[in-house]
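Topology and contacts: notes
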Amino acid sequence: MSWHVRLLKPLRKLDPAIMTGVVMLMLISLAVIYSGSQESIRVVLAQLLRFAIGILVLVLVANTPPERIRAWAPALYATGILLLAITLVAGKANLGARRWLGVGPLTFQPSELMKLALPLFLAYYYSQRENVRHWLSAVTGFVLIAIPFLLIAKEPDLGTAAQIGAAGVFMMWLAGVRRRWFVALIILAAISGPVLWHFLHGYQKERILTFLDPQRDPLGAGYHIIQSMIAVGSGGFWGKGWFNGTQVNLDFLPEAQTDFVFAGFAEEFGLVGVLLLISTYLLIVLRGLVIAYESRDAFGRLIAGTLSLTFFLYIFINMGMTTGILPVVGVPLPLVSYGGTAMLTFMVGLGILMSVHAHPRTHE
Amino acid sequence: MNAVQPAREHRQFTRRLLVAAGLITVLTALLVIQIFRLQVWDHDLYATQSTHNTIVLLPIAPQRGLILDRHGQVLADDQTGFALTITPNKAMHPEETIQRLRRILPVSAEDQQRFNHDLSHARPYQPILLRRNLSPGELAAFAVQRHQFPGVDIQTRTKRHYPYGSLFAHAVGYVGRLTPAEVREEQMADYAGLDSIGKSGLEAQYETLLKGQPGDQEVEVDARGHTLHTRLRNPPREGVTIRTTLDLAVQQAAAKAMIGQQGAVVALDPRNGDILAAYSAPAFDPNAFVDGLSTAVWSSLRDDPGTPMANRFLRGSYPPGSTIKPFVALSALRDKAVAADQRLAGGAYYQIPGTKHKYYDWKPGGHGAQNLREAIRDSNDVYFYQIAMRLGAIQLGNGLAHFGFGQRSGVDLPGESAGVIPSPVWLRRRYGQTWYQGQTVMMGIGQGYLLSTPLQLARATASIANGGKLVIPHMKQTSDSATQPLDFSPEDIAVIQGAMRDAVTSGTGKSLANDLHAIAGKTGTAQVHHAQRNDSGRVLHDTVQLWQDHALFIAYAPADHPRIAVAVVVEHGGHGGSIAGPVARAVIDTYLDTVTTPEVNP
């Protein structure tokens, strides 16, 4: 094998559809960030570097057979739980929440690891379990979800806890846990809502009240939502054009490059751009679902299905909060928001999808 | 497992995948509808809002509360000065503007650094501070050439100011620049517009009171970011003024007496726990912290062998030396380990029965047989070695705990140390060592592991001065000065009071005998750990200052109706009576001389 064949071989594991989506998201991300950062090359290069690292990791994961990923799942889950517990006891407090673990100058958010470790471990569990319809399968699943959920909710980081919990519930759904459990879960959630309200922190309540009525305090707590909706709405059909977004450039819109990057994008590129962006995301998500459908292996299809659904969930939550149909929670827009940690998680997740696709295994 | 199952499982999986895909479709439709609504349906509405939008909410910082001494003298206030600001979107090139500004007035590298930092965090229409405290000359020079500097403005800005400089560095503390890590997310709004936060001392303790609550104003900005006009929405709520129990004159007397020394002075009103003075030497100028400390100042403070940043009266743990004797004696009387008039054998040294080691008295040859009152007066070590052995380490420790040793006093300052009352259990836990009896002996004269802060010593002294009540020391004036009655008989306390008076009139504190006010006190000399001693306990190389003992003095006055209790520690000061005593006297004289005039209420 000549050297360039050897070098290119790992790339053969990449899925063309998903890669197309990733590259398009990368271009969109760089464009929005370049405009939002007052045309700072430095910021764009930093994001480009993150993409490069992310894609490298993606290729690496895509070339790891699912069996090996599956073998790691229990250890990953155990490590994740341990780190979350340590974070609660000894984590770095920042702005009142303990979410980070520090080793020297490096900080790390164990909940980020949990975003993948929990689905992996659940897929591991359900793929080896013969009778998924048995009640024990459901209870075990709920317990495995509840442990990281409660640890993260205690930090407090309710947004992330809810996302991780949702990923777990998706997994149980795809694994074939009986329907009655999901009905029960929905009823329980409806009943416990008012009770949980009392346990929320003041600022969390404030966020929900603000979501229900942004005009309560238009220049205070409601400011984010209102400014974000103005940004999206004023973009119109064609958008104001690249670099012409006044909401972002005059700094009416805070966090225009991180959690609210979608608003800046919608302002400058309009409905046309938004539909293109959503289509790109759907391309990735639907391709993921097809990979799940085609997989002959229980672990592969469970993890592929769940990761695709979770990926969509992040997109929905982020765009939902930016456009005012969901309360504000700190969720980045996958692969577009400025920042490295979350991007790495998404890249690993997409890598797992490709690995499932590239390593077909017929069920014996 | 039969062969049909995988196929059935997969059919079910496919069904559920389809349900999920359905959910995705519904949610995507919801999103698209909402975005369509915003961008097409209501586009005109939002487009108008975006061009007129332009109301920005800017916070108005509240005035920070003053800190006053007991007579209303200002110890910390906000000073208004003229400052130079640059508004980024008006000044086209801030870098270049600063370069040109440098031709008419100095801009230090630190100012520039802070400006660059703020620039990357601020909104473009928000003026960013470049220079504070413009002199009239600089002001005039700039005013003349102002038209050449668009976006550069003169503003009035307030800045925390400590008029007495280093005098109250550790008591009042200081404010410093607010860093994001210090404020919890839910409190962010409470710090809108504020750039400093109490970092130490009273400034930190009463941060929430002093800070006030920011108000806000609506600022209308045009599409290019220029300010059109402003409207007040909520006025700020000014910070509360804190009136302290500190007495400027007494604090000044303490600082003056401590010039050139390292150590601490605490003066309390024994009747209610009011802290009249609390000084830690050497001190530093808190004004240097207000704007963010420069690296040069910071490293010089950090590397100073005198550790000026250390709060010695609150956190300094010293062996109390012989100043512990009145408290040991009172515990012994209460526990009937000795009677007040009982004479114990004296001599040059003490030996634990059955052992060889000799524990020497400080006075060569010793004092001879003495009763308790004489033993305190002359600071008879051999007497107290015996008392300590009679009580035993645990009972002795329990007795000292009554006076507040080994526990935080509850003073209203952050970071208080608790000191140490050692015990066999403590020694095992802390150092994994076994207690030996010699440690009990040393504890009787306030040596060994026994450690006390100057504040604890002053508080304990106050409890003898006021006839047996433990006060809670405080710096903020309060009507509620709870005292806790101690379990000691008035007769026993009277014996100790008499002995402490004797110590000053005819004992180890004789150098203070011709005092203006009747002082009762007790000297102490705390052995420094690494001092080398010869066989008889004499310090070798006692000319080397670092090896000299700490000098301590506790006192109260007037002896009959005490109004002030003082503890003084002079590190490496040598003998307590001659070095620490005059400091205590200066503080007492100042207080009793000035307090006779009625207090002024401004």
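A brief structural summary.

Criteria and cut-off values
Residues numbered from 1 in each chain as written. Chains lettered and ligands numbered in written order. Predicted model: local features only at pLDDT ≥ 70, side-chain atom pairs only at ≥ 80, totals over all residues. Heavy atoms only, no water. Buried < 20%, exposed > 50% of the residue type's maximum accessible area, 1.4 Å probe, protein only. Helix = DSSP H or I, 4+ residues; strand = E, 2+ residues; numbered from the N terminus. Pairing = 2+ DSSP bridges. Phe/Tyr/Trp six-rings, centres within 6.5 Å; stacked < 30°, edge-to-face > 60°. Lys NZ or Arg CZ within 6 Å of the ring centre and 35° of its normal. Salt bridge = Lys/Arg side-chain N within 4 Å of Asp/Glu carboxyl O. Axes fitted to C-alpha atoms, helices over the stretch in contact; angles between N-to-C directions. Contact = heavy atoms within 4.5 Å. 1 Å grid on protein atoms, 1.4 Å probe; cavity = no way out; pocket = protein on both sides within 12 Å on 5 of 7 lines; lining within 4 Å. Points joined across faces, edges and corners; volume = space filled by probe spheres on them. Nonpolar A, V, L, I, M, F, W, Y, C, P; charged D, E, K, R; others polar. Patch = residues over 30% accessible without salt bridge, like charges linked within 9 Å, V, L, I, M, F, W, Y side chains within 5 Å. Areas by Shrake-Rupley, 256 points an atom, 1.4 Å probe, with all protein chains shown as cover. Expected span 1.5 Å × (residues − 1). Bend = angle between axes of the 7 residues up to and from the residue.

Residues and elements named next belong to chain B. Extensive coverage of strand β11 (residues 263–268) is indicated by the burial of six of its six residues. In terms of strand pairing, β11 meets strand β12 (residues 275–281) through six bridges, oriented antiparallel. Across the sheet, the residue bridging to Val 266 is Ala 278, located in β12. Counting the residues in the hairpin turn of β11 and β12 gives six residues, including Gly 273, whose phi is positive at 90°. By the bridge criterion, six bridges tie β11 to strand β19 (residues 564–570) in an arrangement that is antiparallel. Bridge pairing in β19 places Leu 268 opposite Ala 565.

Right, let's get into unusual backbone geometry. Leaving glycine aside, a negative phi is the common case for residues, and trans is the common case for peptide bonds. Residue and element names in this part refer to chain B. Between Ala 281 and Pro 282 the backbone carries a cis peptide bond, its omega angle lying at -5°. Considering the arrangement of structural elements, one finds Pro 282 in the loop between β12 and α9 (287–290). For the peptide bond that leads from Ala 557 to Pro 558, omega is -15°, which places it in the cis range. At Thr 307, a position not held by glycine, the phi torsion is positive, near 40°. Looking at the secondary structure, you find Thr 307 in the loop between α10 (295–303) and α11 (312–315). You can call Thr 307 partly exposed: its relative accessible area is 36%.

Here the distance between the centres and the angle between the planes together describe a pair of aromatic rings. All told, the structure shown has 28 aromatic pairs over all chains when counted by the stated rule. Judged by centre distance (4.9 Å) and plane angle (15°), the ring pair of Phe 403 of chain B and Phe 488 of chain B falls under stacked. Taken together, the residues span a long stretch of sequence, with Phe 403 of chain B in the loop between α15 (393–402) and α16 (424–431) and Phe 488 of chain B in the loop between β16 (483–485) and α19 (490–505) at a distance of 85 residues. Judged on exposure class, the residue Phe 403 of chain B and its partner Phe 488 of chain B are both buried. By the ring-pair criterion, three or more aromatic residues cluster together here, those being Tyr 281, Phe 311, Tyr 314 and Phe 346 of chain A. One cation-aromatic arrangement involves Lys 358 of chain B over Tyr 349 of chain B; the distance from NZ or CZ to the ring centre is 4.9 Å. Sitting over the face of the ring of Tyr 206 of chain B, Lys 476 of chain B holds its NZ or CZ atom 5.8 Å from the ring centroid.

Residues and elements named next belong to chain B. Under the criterion given, the structure shown has 20 salt bridges over all chains. Notably, a salt bridge pairs Glu 138 with Arg 131, separated by 3.0 Å at the nearest N-O pair. Of the two residues, Glu 138 and Arg 131, neither departs from the other in class, the shared state being buried. Residue Glu 374 is joined to Arg 343 by a salt bridge in which the shortest nitrogen-to-oxygen separation is 3.0 Å. Of the two residues, Glu 374 is situated in helix α13 (residues 372–377) and Arg 343 in the loop between α12 (325–334) and β13 (349–350); the sequence distance between them amounts to 31 residues. Residue Glu 374 is classed as buried on the basis of its relative accessible area, which comes to 19%. Given the relative accessible area of 47%, Arg 343 is considered partly exposed. Beyond isolated ion pairs, a larger network of salt bridges with shared partners links Arg 64, Asp 78, Arg 160, Glu 203 and Glu 207.

Now for the sheet that holds β12 of chain B. Residue and element names in this part refer to chain B. The strand order across the open sheet formed by five strands is β12-β11-β19-β18-β17, and the pairing between neighbours is antiparallel. Each edge of the sheet is formed by a strand with only one pairing partner; in this case those strands are β12 and β17 (520–526). Strand-to-strand, the axes of this sheet are offset by a mean angle of 5°, without reference to chain direction. Bridging between β17 and strand β18 (residues 550–557) involves seven bridges; their strand directions are antiparallel. Each bridged residue has a counterpart across the sheet, and for Gly 524 the counterpart in β18 is Leu 552. Set on the sheet, helix α18 (residues 454–465) makes contact with β11, β12, β18 and β19; between it and β19 the angle comes to about 145°.

All names here are of chain A. Across all of its chains, the model carries four cavities of 30 Å³ or more by this definition. Size it by volume and the largest cavity reaches roughly 160 Å³. Along the wall of the largest cavity there are 13 residues; nearest its centre are Leu 116, Leu 307, Phe 311, Phe 346 and Gly 349. Elements with a contribution of two residues or more to the lining of the largest cavity: α5 (110–128), α13 (298–322) and α14 (341–358). Among the residues forming the lining of the largest cavity, the class breakdown is eight nonpolar, four polar and one charged.

Looking now at a nonpolar patch on the surface. On the surface, a cluster of nonpolar side chains totalling about 670 Å² of accessible area is made up of Phe 237, Trp 238 and Val 272 of chain A together with Phe 36, Val 40 and Trp 41 of chain B. Here the nonpolar patch gets three residues from one element, more than from any other, and that element is helix α1 (residues 4–41) of chain B. Inspection of the secondary structure assignment puts Trp 41 of chain B in helix α1.

This part takes up the side chain of Thr 97 of chain B. All names here are of chain B. The topology assignment puts Thr 97 in helix α3 (residues 94–101). You can call Thr 97 buried: its relative accessible area is 4%. If we ignore the near neighbours within four places in the chain, the residues touching Thr 97 are Ile 86, Ala 91, Phe 149 and Val 152.

Our focus in this paragraph is α5 of chain A. Residue and element names in this part refer to chain A. Here α5 contains 19 residues, and its C-alpha end-to-end distance of 27 Å stays within 8% of the 27 Å for a straight helix at 1.5 Å per residue. The sharpest bend along α5 comes to roughly 30°, located at Leu 116, with the proline Pro 119 sitting one to four residues further on. Counting buried positions along α5 yields 16 of 19 residues, so the element is predominantly enclosed.

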